[in-house]
Amino acid sequence: MKVTIDGIELEVEPGTTVLQAARMIGGDVVPPAMCYYSKLKDTGGNCRACLVEVSKGSEADPRPMPKMMPSCKTGVMDGMEVKVKTSDRALDARKAVTEFLLINHPLDCPVCDQAGECDLQNLSFKHGLGKTRFKEEKRTFEPENIGDKIQLHMNRCILCYRCVHTAEQVCGSRNHGVLNRGDHAQISTYISASIDHEMSGNMIDVCPVGALTDKTFRFKSRVWFNKPFNAHRNCDKCCGKTTVWMFGNEIQRVTARKDEYHEVEEFICNECRFDHKEVSDWVIEGPRKFEKFSVINQNNYTRKMDKVKIDTEKHILEGRDQDRKKISMTEVPYKNTENS
């Protein structure tokens with residue numbers, strides 16, 4: 001089957017979605033995804049952040065699809081033509097979705113542990129508005145203790161359902177889910193502090209926002225102050241392949257390794273994640289690169305930075321040494337006068 005995405009043609013297998021086909025091309029052609037997760041089944045279709053314009057349905061029916069289509073749920077048809085970044089309709093729809101996702105989301109970036117690696121932060125950075133038009137009161141929830149390792153911030157949740165699918169498919173069973181309906185819907189447990197499965201920490205990694213965070217790393221440091229290293233250890237519960245985030249010689253947190261789409265490569269157990277924070281516990285393989293564009297690597301040293309040249313008028317910087325002395329007051333002689 002042939003599909004054309006933003007003028008790029010490729011052949012895919014039957015059953016491939018538009019989002020999966022776009023990821024085969026890579027680059028700016030790939031639409032953002034907040035709820036879809038390739039490592040989990042039955043995900044996608046909730047956030048609408050991956051909307052695209054299908055300008056040609058197929059060779060058999062070349063009519064365009066009248067509405068924006070979620071690329072994570074739209075299957076490829078032979079001869080289909082899709083517009084991702086070349087469609088003004090798709091870009092406007094993506095901006096509208098971003099605005100809706102931010103309606104109830106609090107401005108917690110200054111204190112949120114997810115800042116710097118937040119998918120919603122990246123989405124807002126690229127498609128968000130500079131101000132909000134929402135004047136009503138934001139939706140809020142009371143704090144709730146769901147376990148000793150995971151901190152739930154329901155105010156930040158965008159109901160992507162990733163953590164629910166992770167509990168069902170990775171942990172094998174779940175004690176939490178979505179309660180209530182409409183604007184009262186929330187992620188919660190029926191019994192407090194009931195999330196204690198040995199693979200439950202993976203819910204932290206799959207969460208695209210700061211709704212589920214690591215209690216052992218909470219408020220310790222910003223991720224851009226840490227250096228990520230690939231590391232591994234012999235573990236009989238999981239693959240043992242992780243990323244350790246170090247500040248100096250201290251391991252402040254351990255996460256699963258993620259690919260360029262910020263998705264976990266292999267899920268890890270809670271023992272590797274929470275119980276081994278000593279450097280001697282791990283075999284350090286080497287530094288891990290930031291594959292995906294993010295706020296965290298906006299000014300990263302690995303990116304090529306152009307030199308900044310400032311053109312000024314002649315003699316504009318004259319007298320700077322004298323001004324510095326006046327500002328510092330250390331080299332200015334003290335005059336003791338009656339009027340001073």
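- The name given to the protein in an unreviewed UniProt entry is NADH-quinone oxidoreductase subunit G, with Paenimyroides ummariense as the source organism.
- The heading Sequence similarities (unreviewed entry) in the UniProt record of the protein holds the text "Belongs to the complex I 75 kDa subunit family."
- Listed under Subcellular location (unreviewed entry) in UniProt, the entry text for the protein is "Membrane".

## Digging into the overall build of the protein
- Tallying secondary structure elements over the protein gives seven helices and 13 strands in all.
- The long-range fraction of contacts in the protein, counting pairs at least 24 apart against all pairs at least 6 apart in sequence, stands at 64%.
- For the protein, the computed accessible surface area is about 20,100 Å², with 50% contributed by carbon and sulfur atoms.

## Focus: helix α2 (residues 88-101)
- Here α2 spans 20 Å end to end across 14 residues, near enough to the 20 Å set by a 1.5 Å rise per residue.
- Within the span of α2, buried status applies to Ala90, Ala93, Arg94, Val97, Thr98 and Leu101. Looking straight down α2, one finds its buried side chains confined to an arc of 140 degrees; they lie on one side.
- Buried residues belonging to α2 abut β3 (51-56), β5 (80-83) and α3 (119-127).
- Measuring from the side-chain oxygen of the N-cap residue of α2 to the backbone nitrogen of Arg89 gives 3.4 Å; that N-cap residue is Ser87.

## Considering the sheet that holds strand β12 (residues 250-256)
- Pairing is antiparallel in the open sheet, where four strands are placed in the order β12-β11-β10-β13. Only two strands of the sheet have a single neighbouring strand rather than two, namely β12 and β13 (283-287). Ignoring strand direction, the axes of neighbouring strands in this sheet form an average angle of 35 degrees.
- By the bridge criterion, six bridges tie strand β10 (residues 227-232) to strand β11 (residues 241-247) in an arrangement that is antiparallel. Among the inter-strand pairings, Pro228 is bridged to a residue of β11, identified as Trp245.

## Comments concerning the UniProt feature "domain: 4Fe-4S His(Cys)3-ligated-type" (unreviewed entry) in the protein
- The feature "domain: 4Fe-4S His(Cys)3-ligated-type" (unreviewed entry), as annotated in UniProt, sits at residues 89-128 in this numbering.
- Helix makes up 55% of residues 89-128 and strand 0%, and the two end C-alpha atoms of the span are 15 Å apart.

## Quick look at the pairing of strand β2 (residues 8-11)
- By the bridge criterion, four bridges tie strand β1 (residues 2-5) to β2 in an arrangement that is antiparallel. In the strand pairing of β2, Val3 is matched with Leu10.
- Hairpin geometry of β1 and β2 is characterised by an intervening segment of two residues between the two adjacent antiparallel strands and by a positive phi of about 55 degrees at Asp6.

## Overview of the packing of aromatic side chains
- For the coordinates displayed, the defined rule picks out one aromatic pair.
- One Lys or Arg, Arg233, reaches over the ring of Trp282 and ends 6.0 Å from the middle of that ring.
- Taking the ring centre of Trp245 as reference, the NZ or CZ of Arg253 above it sits at 4.4 Å.

## Some remarks on the state of the cysteines
- Tallied over the full model, the rule gives zero disulfides.
- In this structure Cys109 is not part of a disulfide, and its nearest cysteine sulfur, from Cys118, lies 6.5 Å away.
- You can call Cys109 partly exposed: its relative accessible area is 36%.

## Things to note about a negative patch on the surface
- Together, Glu9, Glu11, Asp78 and Glu81 line one region of the surface with negative charge.
- Following the sequence through the fold, Glu81 ends up in strand β5.
- Relative accessible area serves as the criterion here: at 34%, Glu81 is assigned to the partly exposed category.

## A few points about the side chain of Arg162
- In this fold, Arg162 is placed in helix α4 (residues 162-169).
- No salt bridge is formed by the buried Arg162, whose closest oppositely charged neighbour, Asp119, lies at an N-O distance of 4.0 Å.
- Among the polar contacts listed, one links the side chain of Arg162 to the backbone oxygen of Met34, at a separation of 3.2 Å.
- From its side chain, Arg162 meets the backbone oxygen of Val206 in a polar contact 2.9 Å long.

## Some points on the environment of His276
- Inspection of the secondary structure assignment puts His276 in the loop between α6 (270-274) and β13.
- Sequence separation of His276 and Ile251 is 25 residues, and the distance between their C-alpha atoms is 8.8 Å.
- Sequence-distant contacts of His276, defined by excluding residues within four places in its chain, comprise Arg233, Val254, Glu271, Asp281 and Trp282.
- Engagement of the side chain of His276 in a polar contact is seen with the side chain of Arg233, the distance being 3.3 Å.
- A polar contact of 3.3 Å, which involves the side chain of His276, links it to the side chain of Glu271.

Definitions and cut-offs
- Residues numbered from 1 in each chain as written.
- Predicted model: local features only at pLDDT ≥ 70, side-chain atom pairs only at ≥ 80, totals over all residues.
- Heavy atoms only, no water.
- UniProt positions renumbered as here; feature names shortened; annotations may be inferred.
- Helix = DSSP H or I, 4+ residues; strand = E, 2+ residues; numbered from the N terminus.
- Contact = heavy atoms within 4.5 Å.
- Areas by Shrake-Rupley, 256 points an atom, 1.4 Å probe, with all protein chains shown as cover.
- Expected span 1.5 Å × (residues − 1).
- Buried < 20%, exposed > 50% of the residue type's maximum accessible area, 1.4 Å probe, protein only.
- Arc of directions from axis to C-beta.
- Polar contact = N/O pair within 3.5 Å; in protein donor to acceptor, adjacent residues only side chain to side chain.
- Pairing = 2+ DSSP bridges.
- Axes fitted to C-alpha atoms, helices over the stretch in contact; angles between N-to-C directions.
- Phe/Tyr/Trp six-rings, centres within 6.5 Å; stacked < 30°, edge-to-face > 60°.
- Lys NZ or Arg CZ within 6 Å of the ring centre and 35° of its normal.
- Disulfide = S-S within 2.5 Å.
- Patch = residues over 30% accessible without salt bridge, like charges linked within 9 Å, V, L, I, M, F, W, Y side chains within 5 Å.
- Salt bridge = Lys/Arg side-chain N within 4 Å of Asp/Glu carboxyl O.
- Lys, Arg positive; Asp, Glu negative; His and termini not counted.
- Charge placed at Lys NZ, Arg CZ, Asp CG, Glu CD.

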